[in-house]
Amino acid sequence: MNYKTRFAPSPTGYLHIGGLRTALYNYLFIKKYGGKMILRIEDTDRERYIANADKQIIDTLKTFGINFDIGPYYQSERLDLYKKFVQQLISEDKAYYCFCSKERLEKLREEQQKNKQIPKYDRHCTSLSKKEIQEKLNNNESFVIRLKLPENEDVVFEDEVYGQVKINTKDLDDQVLLKSDGYPTYHLAVVIDDHDMGISHIIRGEEWLPSTPKHIILYKMFSWEIPKFIHLPLLLNPDRSKLSKRQGDVAAEDFLKKGYLPEAIINYIAFLGWNPKTTKEIYSMDELIQDFSVDKINKAGAVFDVDKLNWINAEYIKNIVKEKGEKYKEIIKILPNYIKETTNEKMLEKIFIVLSSRLNYFEQLKEDSQFFFNLQNYNADHLIFKKSNKELTIKGLKIVKESLESLNDELIEEQINTLLNKVMTQNNLNPGDIFWPLRFALSGLEKSPSPAEILWILGKDESLKRINLAIEKLEK
Ligand code: GLU
């Protein structure tokens, strides 16, 4: 069997995290089992169409390392094909013209709702004769084409994840296939394209599961082979409502902008609905491909947990700093995007190295690095550790100051630590008399990197300035 999958986004805006997950699973599937992946832009909803959204989606997919083999196809360029098949259905009495006005349909729906009936079209236009239809067409009356559902027929299909789905046609509506603007609806175009493009496996979000019976009916009407369906579990907010913008970012682009690594995002979202059933949590794309299998896709909705994404991204950052490879060099180059207070490359790199161990994503560098450039005003009391006192704190800071003055301009982290430990023991002081006040004097913060790390970044002059200021505040 020739495997073919497709990712079929609608160009209605950014790439949703759920869309990225769908694209990823299609990609993993096709790389794992062999075959080709198609990109198809489903741009038939002209009201929701956003110019250039397609290009942005394509660029974003590329950034994430998801490459397709064929396409992009655009449904808007395939209108003749859809019309041809609609004509075929009409001639076989499987679809019909509907000239009902919006107002009539509205009224019908209201009445049905009042009578507690399922709202659906009442087949008013099926009574039109060929002649009447032709007259209306000649008069340029607006129309849609509707599917003529078989009556009281069970539609049954197997989903690879959700199992058997069964519904009777009496619970379905005569779906619009062709809209009054001449564009097909999603339901018509998706079936024609999936067939025409030879798609073997349809992998998409669970929200399309209820639409699938309508698609099955069309496959049967055309006598086409039915592809395999793999629906992916819903993505949820932490409160288990459907993942939405109201509770945080949902655009893949937003996470890239914040400075999450594409590899880490991929790693995280691979787990949203799939579980390798091991304890391993860090997966490269190649490892994901190797371990991916459809039978490990879950049915239950997957909660999008930013804390977990943060943890994974932090692991990637630590690893990059440890390995100091190509990726490290790339990151060093983009640091000025986040830290705008200096262009000193050495300093930027040092800041990154020191902050990297506590970093979840790069945008945090903006705020976390502030104290290197702007020491905030603080109260002298903060300099005194709870087990120390003013005199010992002043003593500690003065000793540090003197020993720092004897060092070179270029301070080295280990050297500083050795020095601090030496002067502490020599002078019979405790860590609280030296390390605490020094760290606070240098950062002005309750929490910060260690004094040696800050000294290494600030250099001798700025550090001495900050220590002097602290002594002044204490002696006041
Ligand atoms: N255009 C649909 C979407 O934006 C695709 C649904 C499908 O994959 O069949 O999600």
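One numbering rule holds for all chains: residues counted from 1, following each sequence as written. Owing to the predicted nature of the model, reporting of local features is limited to residues with pLDDT of at least 70; listing and counting of side-chain atom pairs is limited to 80 or more, with chain, interface and lining totals taken over all residues. To obtain the side-chain values, all non-hydrogen atoms of the structure were included, while hydrogens and water were left out.

A. Quick peek at the overall build of the protein. A helix here means a DSSP run of H or I that spans at least four residues, while a strand means a run of E at least two residues long, and both kinds are numbered starting from the N terminus. Broken down by element type, the protein carries 19 helices and twelve strands. The C-alpha extent of the protein, read off along each of the three principal axes, is 105 × 50 × 35 Å. When accessible area is computed with a 1.4 Å probe and restricted to protein chains, residues below 20% of their type maximum are described as buried, those above 50% as exposed, and intermediate ones as partly exposed. Sorting the 476 residues of the protein into buried and exposed places 50% on the buried side. Residue contacts follow a heavy-atom distance rule, with two residues in contact if any of their heavy atoms lie within 4.5 Å. Restricting the contact set of the protein to residue pairs at least 6 apart, pairs at least 24 apart contribute 75%. Of the accessible surface of the protein, which amounts to about 24,200 Å², a share of 47% is contributed by carbon and sulfur atoms. Charge assignment: positive for Lys and Arg, negative for Asp and Glu; neither His nor the chain ends contribute. Working definition for charges: the position is that of NZ of Lys, CZ of Arg, CG of Asp or CD of Glu. Taken together, the 71 basic and 72 acidic charged side chains of the protein have centroids lying 1 Å from each other. Each accessible area is a Shrake-Rupley estimate made with a 1.4 Å probe; only the visible protein chains count as cover when residues are assessed.

B. Representation of the state of the cysteines in the model. Only a pair of cysteine sulfur atoms within 2.5 Å qualifies as a disulfide here. Applying the stated criterion across every chain yields a total of zero disulfides. Between C98, a cysteine without a disulfide, and C100, which holds the nearest cysteine sulfur, the sulfur-to-sulfur distance is 4.0 Å. Unpaired in this structure, C125 has its nearest cysteine sulfur neighbour in C100, at a distance of 3.7 Å.

C. Focus on helix α9 (residues 262-270). Among the nine residues in α9, eight count as buried, and that is most of the element. Taken as a whole, α9 has its buried residues at P262, A264, I265, I266, N267, Y268, I269 and A270. Where α9 is buried, its residues meet α1 (17-33), α2 (53-63), α8 (252-257), α10 (285-291), β12 (302-303) and α11 (306-323).

D. Looking closely at the site of the ligand. Put simply, a residue is near a molecule or strand once any heavy atom of it comes within 4 Å of that molecule or strand. Around the ligand, a shell composed of R6, A8, S10, E42, Y186, V190, R204 and W208 is seen. In this structure, an oxygen atom belonging to the ligand sits 2.9 Å away from a side-chain N or O atom of R204. W208 places a polar side-chain atom, nitrogen or oxygen, 3.5 Å from an oxygen atom of the ligand. Relative to its unbound accessible area of 290 Å², the ligand is 82% covered by the protein chains. Split into classes, the residues belonging to the shell around the ligand amount to four nonpolar, one polar and three charged. Here a polar contact is recorded for every N or O atom pair within 3.5 Å, except that within protein the pair must consist of a potential hydrogen donor and a potential acceptor, and residues adjacent in sequence are included only if both atoms are side-chain atoms. Residue polarity is assigned by list, with Asp, Glu, Lys and Arg as charged and Ala, Val, Leu, Ile, Met, Phe, Trp, Tyr, Cys and Pro as nonpolar; anything else, Gly included, falls into the polar class.

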